[in-house]
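A structural walkthrough
Below, each chain spelled out in residue letters.
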Amino acid sequence: MHVSVSPVPASATFALRHRVLRPHQRVEDMGLPGDDDPSTVYLATLAVDGSVTGCLRLQRVPCPWRPVAADAWQLRAMAVDASRRGHGLGAALVAGAVDQVARAGGGLLWCKARLAARAFYERAGFTAVTELWEEPHIGLHVGMLREVPA
Ligand SMILES: CC(C)(COP(=O)(O)OP(=O)(O)OC[C@H]1O[C@@H](n2cnc3c(N)ncnc32)[C@H](O)[C@@H]1OP(=O)(O)O)[C@@H](O)C(=O)NCCC(=O)NCCS
């Protein structure tokens, strides 16, 4: 099934990200440092009524585990609504991010993956490269990355 992925304003993703990723915070606190950076893009999958069913954020940021990599992009704020999982939305969003990095000349795509999502990222070509660590209120994470050719 083809899943369409579109760029959206950061604020369009706040409700989904609050529900899925950060219910311990307020919905109005979903903005992130760098949201106004020209390299930052939010990609989303949309329901027929236009509501956001899945999202991720892509920003050009050096990789903490490969600091010399010239063109590094961080993938974060990855979320799919619980009622829509298992239908390829997450994979389509990551493919959209990979495509975006490729069109920008390629480079390193990295993320701080929740442990529960590690296998999902592995399916998308990422490799775990760090020890596990605990993020307060959220849980165990692992650093993951993949190369994206131009
Ligand atoms: C992780 C998440 C984004 C996956 O979204 P999704 O739309 O269900 O993923 P897809 O349907 O596109 O799955 C793509 C592939 O990954 C696999 N997969 C998805 N979630 C998985 C998981 N938690 N563990 C193992 N495999 C998983 C699917 O089986 C599928 O495999 P296939 O290619 O063999 O068919 C979604 O479960 C989610 O929002 N989870 C809660 C928030 C979260 O953890 N976000 C990541 C923060 S780092």
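Notes on the structure in this doc start here. The model shown is predicted, which means the values in this text are computed figures rather than measured ones. (Residues numbered from 1 in each chain as written. Predicted model: local features only at pLDDT ≥ 70, side-chain atom pairs only at ≥ 80, totals over all residues. Heavy atoms only, no water.)

Relative to the elements of secondary structure, Gln74 occurs in strand β4 (residues 72-80). By relative accessible area, which is 9% here, Gln74 ends up buried. (Helix = DSSP H or I, 4+ residues; strand = E, 2+ residues; numbered from the N terminus. Buried < 20%, exposed > 50% of the residue type's maximum accessible area, 1.4 Å probe, protein only.)

With that settled, consider the packing of aromatic side chains. This structure, assessed with the given rule, holds 4 aromatic pairs. With 6.4 Å between their ring centres and 45 degrees between their planes, Trp65 and Trp133 make a pair best called tilted. Remark: Trp133 occurs in strand β6 (residues 127-135) and Trp65 occurs in the loop between β3 (52-60) and β4; sequence separation between them is 68 residues. Ring centres 5.4 Å apart and planes at 70 degrees place the aromatic pair Tyr121 and Phe126 in the edge-to-face group. Each residue in the set Trp65, Trp110 and Trp133 is aromatic and connected to the rest through ring pairs, giving one cluster. (Phe/Tyr/Trp six-rings, centres within 6.5 Å; stacked < 30°, edge-to-face > 60°.)

As a further point, take the state of the cysteines. As enumerated under the stated definition, the model contains 0 disulfides in all. Cysteine Cys55 is unpaired, with the sulfur of Cys111 as its nearest cysteine sulfur at 14 Å. (Disulfide = S-S within 2.5 Å.)

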